[in-house]
Amino acid sequence: MSSKQKGILCLVTSSFCFALMNVFIRLAGDIPSIEKTFFRNFIAMIVAGVAIARAGQGFSFRKQDLGLLTLRSVCGTLGMLANFYAVDHMLLADATAIQKLVPFFTILSSWIILKERIRPWQSGLILLAFTASLLVVKPGFTPDLGPAIIQFFGALAAGFAYTYVRKLTQNGVSKPKIIFFFSAFSCIAVIPLIALDFVMPTWQQLAMLLCTGLAASGGQFAITYAYGFAPASQISIYDYSQILFSALFGLVFFGQLPDWLSWIGYGLLIACALANLILSSRPGKPAAPASPASKEASA
């Protein structure tokens, strides 16, 4: 296999794992989303801690990086809470499709935070992607409107989190350290909220929560290897296979079948992502600001 083929295989594997993670989230049942977030991040914290220890990097952080690390962690935690809530209350494919607005929100947040110029074609794609999300949400015609709005703002928060990750990596902070700080921050931040509404999981629910963390870790490692084999300009479009996996899993595990408007929305989102990939890869044009490394750290 060529390096590109290996990268594609790893990225599709990552999408499969993250789609499976959403299945386990839903199969965990009536456990509050905040509690699910804690278990998912606790396992990620252990995995990142092992990576830091093996690399001999130490667990200290530079004072000048703490502000950005905190902002990244706040935005990432809000995005994850929103995603978990949406997965519990929407069709898996619909929740995943709205979450895939994140790269376009990253373009906006990079303009605000990093002062990166938004090109006219990027503005058009952002508007088209938003239109596609409306086909998925169908405002005013579905009981999923509330969770969809939460997921929408969660994707916006995640877009800002990704931009902060990009800034941190530019400042020389390693990805395992960003993951560890974010995971530890999220675990600590939700403990008071868990105490207010703690639900003791059954053994079956605990198994699903552990599987959530394991699936997320598998996706995280797969995407790390993917972008090690090939650049984002060649393979990032395959990340949108998660929408298709989510549609399949939703049908198999929960009997969910998206309607025709949602399928049109999925197609438009994938088309926007493909156009963004092609246009940003043209000679003389800088890559789009959505960073693959940021997804590693947020996943």
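Just so we're clear, the structure is a prediction, and the values are computed from it rather than from any experiment.

(A) Region of the structure containing the packing of helix α5 (residues 102-113) against helix α7 (residues 145-170). Relative orientation of the contacting elements α5 and α7 amounts to 55°, with a least axis distance of 8 Å. As far as their axial angle goes, α7 and α5 are oblique. Handedness of the α5/α7 crossing: right-handed. For the pair formed by α5 and α7, the contact residues are Val102, Phe105, Thr106, Ser109, Ser110, Ile112 and Ile113 on the first element and Phe152, Ala155, Leu156, Ala158, Gly159, Phe160, Tyr162, Thr163 and Tyr164 on the second. Here the contact of α5 with α7 is composed, by residue class, of 11 nonpolar, five polar and no charged.

(B) Highlighting the packing of aromatic side chains. Counting across every chain of the model gives 13 aromatic pairs. With a centroid separation of 6.3 Å and an interplanar angle of 45°, the aromatic rings of phenylalanine 253 and phenylalanine 254 are classed as tilted. Through successive ring pairs, a cluster of aromatic residues spans Phe16, Phe245, Phe249, Phe253 and Phe254. Across from the ring centre of phenylalanine 182, 4.0 Å away, lies the NZ or CZ of arginine 72, which sits over that ring. Just above the ring of phenylalanine 61 sits the side chain of lysine 177; from NZ or CZ to the centre is 5.4 Å.

(C) How the structure looks around the packing of helix α2 (residues 33-55) against helix α8 (residues 175-196). For the pair α2 and α8, the least separation of the axes is 8 Å and the interaxial angle reads 150°. Classified by the interaxial angle, the pair formed by α2 and α8 is roughly antiparallel. Considering how the two elements wind past one another, α2 and α8 form a crossing that is left-handed. Tallied by class, residues from the contact of α2 with α8 come to 18 nonpolar, four polar and two charged.

(D) Just the side chain of serine 246, in detail. Its place among the elements puts serine 246 in helix α11 (residues 241-254). Looking at serine 246, the relative accessible area reads 1%, which means it is buried. When neighbours within four sequence positions are excluded, serine 246 is seen to be in contact with Ala19, Leu92, Ala93 and Thr96.

(E) Structural detail: the nonpolar core. Of all hydrophobic cores here, the largest spans 61 residues; its most connected members are Met21, Ile98 and Phe104. When near neighbours in sequence (up to four residues on either side) are disregarded, isoleucine 98 contacts Met90, Val136, Val137, Ala148, Gln151, Phe152 and Ala155.

(F) How the structure looks around the environment of asparagine 171. Within the fold, asparagine 171 resides in the loop between α7 and α8. It is 9.7 Å that separates the C-alpha atoms of asparagine 171 and glutamine 64, two residues lying 107 residues apart in sequence. Aside from chain neighbours lying at most four places away, what touches asparagine 171 is Arg62, Asp65 and Leu68.

(G) Spatial organisation of the pattern of salt bridges. Scanning all chains against the criterion turns up three salt bridges. The closest approach of N and O atoms between lysine 36 and aspartate 88, which form a salt bridge, is 2.6 Å. Here the residue lysine 36 occupies a position in helix α2, and aspartate 88 occupies one in helix α3 (residues 66-89), the gap between them amounting to 52 residues. Of the charged contacts, one joins lysine 100 and aspartate 239 as a salt bridge, the two residues approaching to 3.1 Å between their closest N and O atoms. Of the two residues, lysine 100 is situated in the loop between α4 (92-99) and α5 and aspartate 239 in the loop between α10 (232-235) and α11; the sequence distance between them amounts to 139 residues. Summarising the burial analysis for this pair, lysine 100 and aspartate 239 share the class buried.

(H) Spotlight on the confidence of the model for the chain. When the pLDDT values of the chain are averaged, the result is 83; 89% of them are 70 or greater. Across the chain, the element-wise mean pLDDT spans from 43 in helix α13 (residues 292-298) up to 92 in α3. A low-confidence stretch, residues 285-299 stays under pLDDT 50, and its non-local contacts, those more than four residues away or across chains, total 49 contacts.

(I) Region of the structure containing the environment of phenylalanine 130. Looking at where phenylalanine 130 falls in the secondary structure, it is placed in helix α6 (residues 120-137). Residues phenylalanine 130 and leucine 269, 139 residues apart in the sequence, show an inter-C-alpha distance of 8.6 Å. Ignoring any residue separated from it by four or fewer positions in sequence, one finds phenylalanine 130 in contact with Leu101 and Phe152.

(J) Quick look at α11. Between its first and last C-alpha, α11 extends 19 Å over 14 residues, near the 20 Å set by a 1.5 Å rise per residue. Of all the residues in α11, the buried ones are Ser241, Gln242, Ile243, Phe245, Ser246, Ala247, Phe249 and Gly250. One or two positions beyond α11, positive phi appears at glycine 255, with a value near 65°.

(K) Region of the structure containing a nonpolar patch on the surface. There is a patch of nonpolar side chains on the surface, built from Leu27, Leu248, Leu251, Val252, Phe253 and Leu257 and spanning about 580 Å² of accessible area. Summarising the element assignment, leucine 251 is placed in helix α11. By relative accessible area, which is 44% here, leucine 251 ends up partly exposed.

Procedures and definitions
Residues numbered from 1 in each chain as written. Predicted model: local features only at pLDDT ≥ 70, side-chain atom pairs only at ≥ 80, totals over all residues. Heavy atoms only, no water. Axes fitted to C-alpha atoms, helices over the stretch in contact; angles between N-to-C directions. Helix = DSSP H or I, 4+ residues; strand = E, 2+ residues; numbered from the N terminus. Parallel < 35°, antiparallel > 145°, perpendicular 65-115°, else oblique. Left-handed = near helix turned anticlockwise from the far one by under 90°. Contact = heavy atoms within 4.5 Å. Nonpolar A, V, L, I, M, F, W, Y, C, P; charged D, E, K, R; others polar. Phe/Tyr/Trp six-rings, centres within 6.5 Å; stacked < 30°, edge-to-face > 60°. Lys NZ or Arg CZ within 6 Å of the ring centre and 35° of its normal. Buried < 20%, exposed > 50% of the residue type's maximum accessible area, 1.4 Å probe, protein only. Core = buried A, V, L, I, M, F, W, Y, C linked by side-chain atoms within 4.5 Å. Salt bridge = Lys/Arg side-chain N within 4 Å of Asp/Glu carboxyl O. pLDDT = per-residue confidence, 0-100. Expected span 1.5 Å × (residues − 1). Patch = residues over 30% accessible without salt bridge, like charges linked within 9 Å, V, L, I, M, F, W, Y side chains within 5 Å. Areas by Shrake-Rupley, 256 points an atom, 1.4 Å probe, with all protein chains shown as cover.

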